[in-house]
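Coordinate inspection notes
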Amino acid sequence: MDKSHKPATIAAHAAGALDPQSGGVVPALQPSTTFLRDENYDLVRPDNIYSRDNSDNLRQAEAVLCALENAAETLLFPSGMAAIAAVFRTLPNGGTAILQSGIYWGTTAWIRDFCARREITLIEVDADDLAATCKTRKADLVFVETPSNPWLKTVDIQALADLTDATLVVDATAATPILTRALDHGADIVMHSATKGINGHSDVLAGVLSTRAKDATIWQAIKSDRKMAGAILGPFEAWLLIRAMRTLPLRVERMSQNAQVLAEYLMAHPKVENVYYPGLPSHPGYATATKQMQGGFGSLLSVLVKGDRTDALRVVGKLVLFLRATSLGGIESLVEHRHTIEPHTGIPENLIRVSVGIEDIDDLIADWAQALD
Ligand SMILES: *Cc1c(COP(=O)(O)O)cnc(C)c1O
């Protein structure tokens, strides 16, 4: 499929995936783990040997993401964490990594543990101090998340890329490749938890890495690690992902519209202390987000209700359409009291994290109106 097509076209057509064997307009699900050789012992399909290496459904899903990301190459993993781990496992013992603080807690927890075991110097800095740290400290890797979860901090990817010689890895899960193409802004590798907005239906766990430079040493190491260590996405998950991504641009557009309206409504509500959303002009990251995100600011926002933990939990308990569950980026709206989940990381007790779905916005606002009442 022509790479110059717009994202909505690439997604709707799943980058051209069809089933030549049956003539089906959708790709077939092919679960085989192993592949035939002919009587001369040549592979029937030289690119298919064993499914820990690669398979058709995986390639088809990667082709969609690669085109959407404007990447040179894309690799899928069985979870977002597996993708992050594959990146960090390329670091040399005794190396140095700079990590943005106050990001997805699972990322921080795993990286801290890994770096301690491998004697890697880990420098954790707030989004606002990243530029200064990148200027003064030499590092092998810089890992940032934008917009960040749950603070919705925005990192200027291009500014950091201009400052550092380290490999710049961006977790752009909350933006999706529809709102931010991190590689176009200078990132070396972009990562997403495809479990979130990319799949968007809360029924597939997956992670993805895309690169600008196929031949980069780190990318070759990641590729080889995925195959040898076996961190590969199964064909059924890849097939579901292809199906889900056909509507990715549509879903992201509606979720961003809903989130923007809800953020503005909540910001004006007398029982709300503050709202963190990159689409609000009052948000510190608004200028960067406007420069770096196109077509909206995503589905994720955090609300500080007036009062304490009890008040926040009362609101969360009264919501009906916002299901009380972790995760984000799905078609159904979700709500979470982060302090209950991670009491030790400095999350305010009155913070409610919200993932806005594709429901009717009037229904979503009515739900918050009754919950805050
Ligand atoms: C969920 C998430 C991850 C981890 O992804 P999994 O698919 O759950 O392993 C990493 N980063 C961010 C920003 C996330 O939201």
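Residues numbered from 1 in each chain as written. Predicted model: local features only at pLDDT ≥ 70, side-chain atom pairs only at ≥ 80, totals over all residues. Heavy atoms only, no water.

As a further point, take the nonpolar core. Counting residues in each nonpolar core, the largest one holds 57 residues, and the members touching the most others are Leu 301 and Trp 368. Counting residues domain by domain, this core receives three or more from each of domain 1 (7-245) and domain 2 (248-372). Apart from residues lying up to four places away in sequence, Leu 301 is in contact with Leu 152, Ala 259, Ala 263, Leu 266, Val 275, Tyr 276, Tyr 277, Ile 352, Arg 353, Val 354 and Val 356. Counting residues in each nonpolar core, the second largest holds 26 residues, with Val 87, Cys 115, Leu 141 and Ile 222 among its members. (Core = buried A, V, L, I, M, F, W, Y, C linked by side-chain atoms within 4.5 Å. Buried < 20%, exposed > 50% of the residue type's maximum accessible area, 1.4 Å probe, protein only. Domains from an automatic or database assignment. Contact = heavy atoms within 4.5 Å.)

With that out of the way, let us pick up the site of the ligand. Taken together, 15 residues sit near the ligand, with Gly 80, Asp 171, Ser 193, Thr 195 and Lys 196 positioned nearest. At a separation of 2.8 Å, an oxygen atom of the ligand approaches a polar backbone atom of Gly 80. Met 81 has a polar backbone atom sitting 2.9 Å from an oxygen atom of the ligand. Contact with the protein chains hides 93% of the accessible area of the ligand, taken as 380 Å² for the molecule alone. A per-class count over the shell around the ligand returns 5 nonpolar, 7 polar and 3 charged. (Near = heavy atom within 4 Å. Polar contact = N/O pair within 3.5 Å; in protein donor to acceptor, adjacent residues only side chain to side chain. Areas by Shrake-Rupley, 256 points an atom, 1.4 Å probe, with all protein chains shown as cover. Nonpolar A, V, L, I, M, F, W, Y, C, P; charged D, E, K, R; others polar.)

Attention now moves to the pattern of salt bridges. The tally for this structure, following the rule as stated, stands at 18 salt bridges. A salt bridge links Arg 59 to Asp 47; its shortest N-O distance comes to 3.8 Å. Within this pair, whereas Arg 59 is found in helix H2 (residues 56-69), its partner Asp 47 is found in the loop between helix H1 (7-12) and H2, the two being separated by 12 residues in sequence. Salt-bridge contacts for Arg 89 lead to Asp 225; the nearest nitrogen and oxygen are separated by 2.7 Å. Taken as a pair, Arg 89 in the loop between helix H3 (80-88) and strand S2 (96-100) and Asp 225 in helix H8 (residues 217-229) lie far apart in primary sequence, 136 residues in all. Where salt bridges share partners, they join Arg 45, Asp 47, Asp 56 and Arg 59 into one cluster. (Salt bridge = Lys/Arg side-chain N within 4 Å of Asp/Glu carboxyl O. Helix = DSSP H or I, 4+ residues; strand = E, 2+ residues; numbered from the N terminus.)

What follows is about empty space enclosed by the protein. Going through the model one piece at a time under the given rule, you end up with 1 cavity of 30 Å³ or more. Approximately 80 Å³ is the volume found for the largest cavity. What lines the largest cavity is a set of 13 residues, and nearest its centre among them are Ala 174, Thr 176, Gly 197, Met 255 and Ser 299. The set of elements that each furnish at least two residues to the lining of the largest cavity consists of helix H7 (176-179) and helix H10 (248-267). In terms of residue count, H10 provides more of the lining of the largest cavity than any other element does, 3 residues in total. Among the residues making up the lining of the largest cavity, the classes are represented as 6 nonpolar, 7 polar and no charged. (1 Å grid on protein atoms, 1.4 Å probe; cavity = no way out; pocket = protein on both sides within 12 Å on 5 of 7 lines; lining within 4 Å. Points joined across faces, edges and corners; volume = space filled by probe spheres on them.)

The domains assigned to the protein are domain 1 (7-245) and domain 2 (248-372). Taking the mean C-alpha position of each, domain 1 and domain 2 sit 26 Å from one another. With 33 residues of domain 1 in contact, the opposing surface of domain 2 contributes 38 residues. If you sort the residues of domain 1 by the area they bury against domain 2, Trp 151, Leu 152 and Leu 179 come out on top, with a joint share of 25%. Our count for the domain 1 to domain 2 interface comes out at 1 salt bridge. The closest approach of N and O atoms between Lys 291 and Asp 156, which form a salt bridge, is 2.6 Å. Taken together, domain 1 and domain 2 are joined by 17 residue pairs in polar contact (both at pLDDT 80 or more). Of all elements in the fold, only H1, H7 and helix H9 (235-245) reach the threshold of two or more residues within the side of domain 1 that touches domain 2. (Buried area = accessible area lost by both parts, 1.4 Å probe.)

Attention now moves to H9. All buried positions along H9 are accounted for by Pro 235, Ala 238, Leu 240, Leu 241, Ile 242, Ala 244 and Met 245. Looking at the packing, one finds that the buried side of H9 touches H1, H2, strand S1 (73-77) and H10.

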